[in-house]
Amino acid sequence: MRYSDGFRQPAAAEALVRMLHERMAVARSRRGAIAVMEVCGTHTMAVGRHGLRRRLPEGLRLISGPGCPVCVTDAGYIQTAIELAESGLGIATFGDLLQVPTAGGDSLAACRARGGRVQVCYSPLDALRAAAAEPGREWVLLAIGFETTIAPVLATLQRAHDAGLGGLSALVAFKRVLPAMEAVLADGRTAIDGFLCPPHVSTVIGAAAYRTIAERHGRPCVVAGFEPLDILAALVALVELVAEGRAEVRNEYARVVKEEGNPRAQRLIEEWLEPCAARWRGLGELPNSGYRLREDRARYDAERRYGVTVRTGRDAPGCRCGDVIAGRMDPPQCPLFRRMCTPDSPVGPCMVSSEGSCAAWFKYERAEAAAPG
Amino acid sequence: MSAEDRVQLAHGGGGRMMAEFIERHIRARFGEGPLRDLPDASRLAWTGPEVVFTTDSYVVQPRRFPGGDIGSLAVHGTVNDLAVSGARARWLSLSLILEEGLPLAEVDEVLSSVAVAARACGVGIATGDTKVVGRGQCDGLFINTAGIGEPIAGYALSCETIRPGDRVLVSGTIGDHGLAVLAARERISVAGGGPVSDSAPVIGLVETVADLAGAVRWMRDPTRGGLAAVLNECVTGRPWGIEIVEQRIPLAPATGALAELLGVDVLHVACEGRVVAVCAAEVAEEIVRRWRARADGRQAADIGVVVERPAGAVVLATRVGGRRLVDLPRGELLPRIC
């Protein structure tokens, strides 16, 4: 607690907020308003939880990006997972996917209530335990997510491989964060001046990985932790870099993130995976933006093993999650937000996931408009 | 351990074994008052025109946790529901549902804990029941208690009387019980000691400010759903809201650390020995002063205020100078903590 308290000190926060306002005043006089995309959904949650949006200077806007794994996963993925469960396989999944509705209103939670064997995991290793506890059943681990989640999932498959445990495979819809950032810039419908880069992904890929974005696309990138002082300090740096027109990479989270990342995790990714095109909710199909299991690991690939293919899914009617994910719309601008779509009765994944922008806005910021200044 | 040392179906069967069980385990502890002759129902003397009546069931897992056990919790929980309703508990009922195979020594420990807690709360056991279910049909031991109490003069608690400008008080640190149970269940060890449940009677806190009762608008014990749930209950559908200040909310370091580690919002975590009160501003300081003078209220604090806007919402002023909504917890955050 003392450790986290240090990153929430009121006096330090005041000092950083003051600096942020000063820098922003300079930036506005030079080039006008600034829009920063926070790529990671947990950053969106932290901004909400600590009430940081109200502390931002005028002209500085934070836009949620495509960094929530559940949100960017194509709607067809859930349908395929349900079909696998209904064929008698055990499904091991993180809890966030359970409530995500298909366009037809079905979900893994409903599938479980009908008798499907769907087990919630807190760690991918729980899937190994489930497989060991029910040796008569084959298990499929739902493997979505960015580099952060990819490494522990592969470590789990590696353990199954080493232990000769044949009954476990993965339904893979892994994503790479850099192509998504590039796609958001290429889309062009949302002006983005710089990126607040995701801390956990960066522990794997390293801060240096963002040089592509900085050098090729001319946008500064700052890696930040999830504590409020981390975020404020990163925003101070970003506003300064933008104002001075310096497209550089800064690592404000050096206590955890290294320049080169985590070589062991990178090796694991190389051994097990190869880049492939991937479909993103909101961004469509992007070349080289995902990973699939290599040919020599095909027995761990649920699609190849059980002869199923994840088809492109339809979003629920009226759902604007795609626009929210691509930063084209803030959650309250969606006509369904709070009216048709709530955490208790979600229409789209952004309202379900604990990293979803809509869930964050609903949970922490929906009364903001009414709150006194 | 032989079969005789464990709960058997016959202990609830109405025959000789049940009679022996009641005699040895129940009447030995609770046979002083109305239970002396084991009547089917107890006839109790009463003074005032009103009784205050409540009931609660206890299924906490694990049954023992730092700071308490299912027995003491079954007394405190029900006594506290009466206390925050402005009533002193007089009598409890005690119903046990036991699983076949449970060691009788553990039943004894729980019953002793019930007896000690009841004595400390000044409440008698007036009636009871024991059922035994087969192995696998309940998880060890469940308890239900119901309680009747006498109104404490002066308390007329109602959300309707709350006005903007009223203060929001809490009698101590929050979230300790829920996280103590969770840590015990998941065997999470915390360097320097983990959270300790605050399970305790709150009747003393209520009585010590009884002379100010007219200025106390509303009280709750923040159990399931924690501080967030009771404050939301208070504001929902009302023409005013509540603003609380993060830095003023008392928090034990071990509880705060574990909540951060698990990603749990401590505002959503249950207490079992705290009072949340809304009172007129002019008595707030005096109530906090009197609570702090007591061992069970040492960390009491004035944590916020009733505001005109936003109406119907609870807002938190954060440590870093921001503001955010305090929502109700969604789904079942921490199952079986009470």
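Residues numbered from 1 in each chain as written. Chains lettered and ligands numbered in written order. Predicted model: local features only at pLDDT ≥ 70, side-chain atom pairs only at ≥ 80, totals over all residues.

Opposite the 18 residues of chain B that make contact, chain A presents 25 residues. At the level of elements, helix H7 (253-262) and strand S13 (323-325) of chain B are the ones that each hand at least two residues to the side of chain B that touches chain A. Here the side of chain B that touches chain A gets 4 residues from one element, more than from any other, and that element is H7 of chain B. Of the residues in the side of chain B that touches chain A, the class split is 7 nonpolar, 4 polar and 7 charged. (Contact = placed C-beta atoms within 7 Å. Helix = DSSP H or I, 4+ residues; strand = E, 2+ residues; numbered from the N terminus. Nonpolar A, V, L, I, M, F, W, Y, C, P; charged D, E, K, R; others polar.)

A few words on helix H8 (residues 281-292) of chain B. Residue and element names in this part refer to chain B. With 12 residues, H8 ought to run about 16 Å at 1.5 Å a step, and its terminal C-alpha atoms sit 17 Å apart, in line with that. All of the buried residues along H8 are Val283, Ala284, Ile287, Val288 and Trp291. End-on, the buried residues of H8 take up no more than an arc of 140 degrees, which puts them together on one face. In H8, the exposed residues that point more than 90 degrees away from the buried face are Glu282, Glu285 and Arg289. Where the residues of H8 are buried, they touch strand S7 (167-170), helix H5 (203-207), strand S10 (276-279) and strand S11 (301-307). (Expected span 1.5 Å × (residues − 1). Buried ≥ 20, exposed ≤ 12 C-beta atoms within 10 Å, placed from the backbone. Arc of directions from axis to C-beta.)

Turning our eyes to something else, we now look at the packing of helix H8 (residues 147-162) of chain A against helix H13 (residues 263-272) of chain A. Residue and element names in this part refer to chain A. Contact geometry of H8 with H13 gives a least axis separation of 9 Å together with a crossing angle of 60 degrees. Crossing of H8 against H13: the hand is left-handed. Within the contact between the two elements, H8 uses Ile150, Ala151, Leu154, Ala155, Leu157 and Gln158 and H13 uses Ala265, Leu268, Ile269 and Trp272. (Axes fitted to C-alpha atoms, helices over the stretch in contact; angles between N-to-C directions. Left-handed = near helix turned anticlockwise from the far one by under 90°.)

So, on to the domain arrangement of chain B. By convention, interface size is frequently given as the accessible area that disappears when the constituent parts associate. Residues and elements named next belong to chain B. Assigned domains of chain B: these are domain 1 (3-151) and domain 2 (159-325). Of note, the centres of domain 1 and domain 2, computed from C-alpha atoms alone, are 29 Å apart. Domain 1 puts 20 residues into the contact, and the matching count from domain 2 is 20 residues. Contributing elements (two or more residues each) for the side of domain 1 that touches domain 2: helix H2 (70-83), strand S4 (87-99) and helix H3 (104-121). Residue contributions to the side of domain 1 that touches domain 2 peak at 8 residues, all from H2. (Domains from an automatic or database assignment.)

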